[in-house]
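A structural walkthrough
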Amino acid sequence: MEFNFNSTEPLYQQVAEQLEEAIFTGSFTEDKQIPSTTEISKQFHINPATVLKGMNLLVAKELIEKRRGIGMFVKVGAVATIEQQRKESFYADYILNVVTEAQKLGLTEEKLVQLIERGYQNGTN
Amino acid sequence: MLKSKSNRLALYDFNRSLIRLVWTFVWFVGITIVIPVLFSITFNGSTGFKLNSTGFAFVAGLYLFIDALMFNYDNFKWTIQNGISRRTAWWARIKGILLLALVVLVIDMIEMFVKGQKITVHSVFVGYQNETVGTYLIAIVQLYMGLLMLALAGLVVGCFLALLNKRGKAIVIIGFPVVLIVAVTNLARALVHANIDWTGIVNFSKIMFGYSDSTGNFNPVNSSIVMLVWILVCGGLSYWFSQKLRLRRD
Amino acid sequence: MAQIKIDHVTRKFGKNEVLKDISFELEPNKIYGLLGRNGAGKSTLLNIMTTRIFASSGKVTMDQQSVVENDDILADMFLMSEVDLYPERMRVEKIFKQAELCYGSFDYKKAYKLAEEFGVKLTARFGGLSTGYHSIVKLIVALCVPVNFVFFDEPVLGLDANHRELFYQELLQSYEERPRTFVISTHLIEEIAQIVEHVFILDQGKIVIDDETQAIIDRSYAITGPKKAVSDYSVGLNVIGHQTLGGLRTDYIYGDLDDERVIPDTIKIEHVDLQKLFVYLTEGSVNYVKE
């Protein structure tokens, strides 16, 4: 995990995103415990309250759950949930931005589609 | 809480003072006994050791004064670092002094006993010298109070000096004796030339010491009161000074 | 839970007013940052809070009781100061004992563990240690005394990068084990920016900022773009500093932006980190970078 402290995003959101990314990429597996607030707080020198706030965002998104007296666990099905959520926000997060930028550059819809096709052909995976 | 804390501190203070007192004695013995004895053995072949020439009581009394005078600022530093109020630190110091004076009192009495001196030598209470338990008791109490007067005088001076920075301390330590000498010489010169009626002062002194013209006896109560007043005034002054203690930047 | 209140505290040294009417509160179980340039009055303030010196006016209270000469309150605070108040000849283990004597208890287990981690010899005399190790010994005591308010004045003075890292870790560990209030006064803002939950910025004897760290960052902006566009946009906003690079200009703003204003395409708005904000707020100086 890496935190960009100069980012315009609040730190607790960064914490949430980094944890989510780790779950999505399989670094933290489903039904397994994730590092405690203390561990994260100590390692990255982040106030525990901030870490907790970040974790609570993930609890609200139903990606992790608190197990009394033990700690936070990745929910079963979390990866699927993330995928679902990301697909939902893909349009707003990426497509709209691409289109806006394309319009600024004077690219036609046809040209943009071509570019996307090229991207698929050159793509590593 | 306050009480137990000041007791703990008092014992800590007392222990440290006691250790220093022992070291003082080690030095004292070394300088006044061991070295002269070694010398006389070397040169005369005899020990030439006389117990009467030792002065543990004197050294202990002097130590009491110096111990109370020194370390006041150092004490303040570590007590305030450890969350002790000035009042508690002062009260612990007083209790430590009461204990240390008691030790010195015992040393005094042991020395007198060893030397075969009578304790009533210290007492000038004519008419009370019939060596009853009472006279002994009064003499011991007065000796203890005398030691406390010494220690508390040291504490007042020490607490006052603790308020000064290095420069202020230097000025006082050098300046005060100079001023005192000049003042005393001038006063003496003035007294020699002036024609003063001493009866008032004499009478006042008589009251202070409880002297009775009719019997020629001293009443120990009067002098005890005077000593007590001295102790209380010194205690009060040292408290007042210690309340003003603050961390210096030197 | 106990709360410390600093109430209109002023301190003068001769004619020089070092603290001017300072008021703020310390809540339980929070990590605070007290930031200020050299001579801003940080140490003076902490010294007054722990009654090492006295305020010229105003007062410091815990639950409505003055801290002055109050043993119970004093026993609930520990100030790890830049100046060393321990006797030179005292051994480290004796310093721990003294702390136990005065505070009534002491976490020896933790102290020994920390001493080992930092490489402090318990039998070493305090006066024989270097500046860095003076700091370390004082830090260990600060983390092991049973108080609810711990104040650090330049805690990492003389510590190398490894020891600083270790200190921040141990601080957070200790905080998690036993939540209490910490106030960290330091120059090294970047190192504590993510640790502190709330920040006080002291400038020339006055508190200029008293807010949650995130809220402060949320309210600080860097507006970058062509000179004219930036100047036009930031008119009337609280500009605390600016930088120019040729025709490019950055205005640093602390405070709310005007939502009514249209943001031109040519300018970019970002948040500023604590360190930069601090520099501009306390310096008020303007940096011109010539081409």
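Nothing here was measured: the structure is a model prediction, and the numbers come from that model.

Following the UniProt record, the feature "domain: ABC transporter" (unreviewed entry) maps to residues 4-229 of chain C here. End C-alpha atoms of residues 4-229 of chain C are separated by 46 Å, and the span's content is 35% helix alongside 31% strand.

So, on to the interface of chain C and chain B. At the interface, 20 residues of chain C touch 19 residues of chain B. Residue assignment for the side of chain C that touches chain B shows that the elements contributing at least two residues are α2 (71-74), β6 (77-80) and α3 (92-103) of chain C. Top element by residues in the side of chain C that touches chain B is α3 of chain C. It accounts for five residues.

What UniProt calls "transmembrane region" (unreviewed entry) maps, in this numbering, to residues 21-43, 55-73, 94-114, 134-164, 171-192 and 221-241 of chain B. Counted over residues 94-114 of chain B, helix gives 100% and strand 0%. Its end C-alpha atoms are 30 Å apart.

Extensive coverage of helix α3 (residues 72-81) of chain B is indicated by the burial of seven of its ten residues. Within two residues after α3 of chain B, G83 of chain B carries a phi angle of roughly 70 degrees, on the positive side.

Here we take up the arrangement of the chains. Counting contacts across all two pairs of chains that touch, the top pair turns out to be chains B and C. There is a clear gap between chain A and chain B: no contact, and 28 Å between their nearest C-alpha atoms.

Let's shift gears to the pairing of strand β3 (residues 31-36) of chain C. Residues and elements named next belong to chain C. Along β3, six of the six residues are buried, which leaves the element largely enclosed by surrounding structure. Bridge count between β3 and strand β8 (residues 181-185): four bridges; the pairing is parallel. Across the sheet, L34 pairs through a bridge with S185, a residue of β8. Examined bridge by bridge, β3 and strand β9 (residues 198-203) share five bridges and lie parallel to one another. Considered in β9, the bridge of Y32 is made with H198.

This part takes up the interface of chain C and chain A. Each partner contributes residues to the interface: chain C has 16 residues there, and chain A has 13 residues. When contributions to the side of chain C that touches chain A are tallied by element, the ones reaching two or more residues are α6 (161-177) and β14 (268-271) of chain C. Of the residues forming the side of chain C that touches chain A, the biggest block, six residues, is contributed by α6 of chain C. In terms of residue class, the side of chain C that touches chain A is built from seven nonpolar, five polar and four charged.

Before going further, it helps to spend a moment on the environment of V92 of chain C. Residue and element names in this part refer to chain C. Along the chain, V92 falls in helix α3. By C-beta crowding, V92 is classed as buried, having 23 other C-beta atoms within 10 Å. For the pair V92 and Q169, spaced 77 residues apart in the sequence, the C-alpha separation amounts to 22 Å.

We now examine the packing of helix α1 (residues 11-24) of chain A against helix α4 (residues 78-105) of chain A. Residues and elements named next belong to chain A. Two elements in contact, α1 and α4, have axes separated by 9 Å at closest approach and are oriented at 115 degrees. Remark: the crossing between α1 and α4 carries left-handed chirality. Contacts between α1 and α4 involve E20, I23 and F24 from the former and A78, V79 and I82 from the latter. Residues belonging to the contact of α1 with α4 are distributed by class as follows: five nonpolar, no polar and one charged.

We now examine helix α8 (residues 220-243) of chain B. Along its 24 residues, α8 of chain B runs 34 Å from first to last C-alpha, staying within 8% of the 34 Å computed at 1.5 Å per residue. For α8 of chain B, the complete set of buried residues consists of P220, S223, C234, S238, F241 and S242 of chain B.

Right, let's talk about the sheet that holds β3 of chain C for a bit. Hydrogen bonds between backbone groups are what pair the strands of a sheet, and the pairing can be parallel or antiparallel. All names here are of chain C. Strand order across the open sheet formed by six strands is β6-β7-β8-β3-β9-β10, with mixed pairing between neighbours. Looking at the sheet topology across the chains shown, the edges are occupied by β6 and β10 (206-212). For this sheet, the mean angle separating the axes of adjacent strands, direction not counted, is 15 degrees. Lying over the sheet, helix α5 (residues 131-144) contacts β6 and β7 (149-153), oriented at roughly 165 degrees with respect to β6.

About the thresholds
- Residues numbered from 1 in each chain as written.
- Chains lettered and ligands numbered in written order.
- Predicted model: local features only at pLDDT ≥ 70, side-chain atom pairs only at ≥ 80, totals over all residues.
- UniProt positions renumbered as here; feature names shortened; annotations may be inferred.
- Helix = DSSP H or I, 4+ residues; strand = E, 2+ residues; numbered from the N terminus.
- Contact = placed C-beta atoms within 7 Å.
- Buried ≥ 20, exposed ≤ 12 C-beta atoms within 10 Å, placed from the backbone.
- Pairing = 2+ DSSP bridges.
- Nonpolar A, V, L, I, M, F, W, Y, C, P; charged D, E, K, R; others polar.
- Axes fitted to C-alpha atoms, helices over the stretch in contact; angles between N-to-C directions.
- Left-handed = near helix turned anticlockwise from the far one by under 90°.
- Expected span 1.5 Å × (residues − 1).

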